Amino acid sequence: MSRWCTCECGTKHLSGLELEGASSLTAGTVELRMVLTAWACLSSAFRLFQVSLLQTQLARERKCKQDYIECCAKTSQELSDLHRELSCSLAAVVREPEAAVLEAETRKLAQPL
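Residues numbered from 1 in each chain as written. Predicted model: local features only at pLDDT ≥ 70, side-chain atom pairs only at ≥ 80, totals over all residues. Heavy atoms only, no water.

Peer 1: Got a minute to help me understand the overall build of the chain in this structure?
Peer 2: When helices and strands are tallied, the chain shows 2 helices and 2 strands. If you list the helices and strands of the chain from N to C, you get β-β-α-α. Each of the 113 residues in the chain was classed as buried or not, and the buried ones make up 12%. Considering only intrachain contacts with a sequence separation of at least 6, the fraction spanning at least 24 residues in the chain is 16%. Looking at the chain as shown, the accessible area adds up to about 9,400 Å², and 63% of this sits on carbon and sulfur atoms. (Helix = DSSP H or I, 4+ residues; strand = E, 2+ residues; numbered from the N terminus. Buried < 20%, exposed > 50% of the residue type's maximum accessible area, 1.4 Å probe, protein only. Contact = heavy atoms within 4.5 Å. Areas by Shrake-Rupley, 256 points an atom, 1.4 Å probe, with all protein chains shown as cover.)

Set out below in structure tokens:
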């Protein structure tokens, strides 16, 4: 009598070539079934491997996207701060259009650089 067992992928198949009482199955048929079962298991394992690779790639792309968004937000904030500083300096020079004020505002703006 043939023994059936379940593979890791969940497929049932014949274990070994035990042909006692299984006159309808020839050794070739059993071997073919074993090969087909092995193929199914390998195909299933390969699909799981592909899914795993795609999940890893997706996680990497999401991290890259998040880093890019954070970098853009930081740059945007820096530009906004610079715009505010420039506007304040320009307003100070417009209020008092003197060389001393212009020099002082220029020094203030040059410090962070």
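That covers the picture; the talk isn't over yet.
Peer 1: How should I be thinking about helix α1 (residues 27-95) in this particular structure?
Peer 2: For the α-helix, the turn length of 3.6 residues means that residues three or four positions removed from each other point alike. For α1, spanning 69 residues, the distance from its first C-alpha to its last is 101 Å, which sits close to the expected 102 Å at 1.5 Å a residue. All of the buried residues in α1 are V30, T37, C41, S44, S89 and A92. (Expected span 1.5 Å × (residues − 1).)

Peer 1: Just checking my understanding: could you explain the pattern of salt bridges for this structure?
Peer 2: If charged atoms from side chains of opposite charge come close, those side chains can pair. Following the criterion strictly, the structure yields 3 salt bridges and no others. Two residues, D81 and R84, come together in a salt bridge whose shortest N-O distance is 3.5 Å. One end of the pair is D81 and the other is R84, both in helix α1 and 3 residues apart, which spans about a single turn. Note that K108 is salt-bridged to E105, the shortest N-O span being 3.2 Å. Of this pair, K108 and E105 both sit in helix α2 (residues 99-110), 3 residues apart, which is roughly one turn of that helix. (Salt bridge = Lys/Arg side-chain N within 4 Å of Asp/Glu carboxyl O.)

Peer 1: Could you clarify how one ought to interpret a nonpolar patch on the surface in this entry?
Peer 2: Nonpolar side chains collect at one region of the surface, where F46, F49 and L53 lie side by side and expose about 320 Å² of accessible area between them. Mapping F49 onto the fold places it in helix α1. (Patch = residues over 30% accessible without salt bridge, like charges linked within 9 Å, V, L, I, M, F, W, Y side chains within 5 Å.)

Peer 1: Looking at this structure, I do not really get the side chain of T37. What am I missing?
Peer 2: Along the chain, T37 turns up in helix α1. Judged by its relative accessible area of 10%, T37 is buried. A distance of 2.8 Å separates the side chain of T37 from the backbone oxygen of R33, its partner in a polar contact. (Polar contact = N/O pair within 3.5 Å; in protein donor to acceptor, adjacent residues only side chain to side chain.)

Peer 1: I tried to follow the packing of α1 against α2 on my own but got confused; where do I start?
Peer 2: For any two helices packed against each other, one specifies the inter-axial angle together with the distance between the axes. Two elements in contact, α1 and α2, have axes separated by 9 Å at closest approach and are oriented at 170 degrees. Judged by the angle between their axes, α1 and α2 are roughly antiparallel. Contact with α1, carried on its side by E85, L86, S89, A92 and V93, involves V101, L102, E105 and L109 of α2 and no other residues of that element. When grouped by side-chain class, the residues that make up the contact of α1 with α2 number 6 nonpolar, 1 polar and 2 charged. (Axes fitted to C-alpha atoms, helices over the stretch in contact; angles between N-to-C directions. Parallel < 35°, antiparallel > 145°, perpendicular 65-115°, else oblique. Nonpolar A, V, L, I, M, F, W, Y, C, P; charged D, E, K, R; others polar.)

Peer 1: Sorry if this is basic, but what is going on with the confidence of the model for the chain here?
Peer 2: Of all residues in the chain, 76% attain a pLDDT of 70 or more, and the chain-wide mean is 83. Confidence, expressed as mean pLDDT per element, reaches its minimum in the chain at strand β2 (residues 12-14) with 53 and its maximum at α1 with 93. Predicted confidence for residues 17-23 stays below pLDDT 50, and this span has 15 contacts to residues more than four positions away or in other chains. (pLDDT = per-residue confidence, 0-100.)

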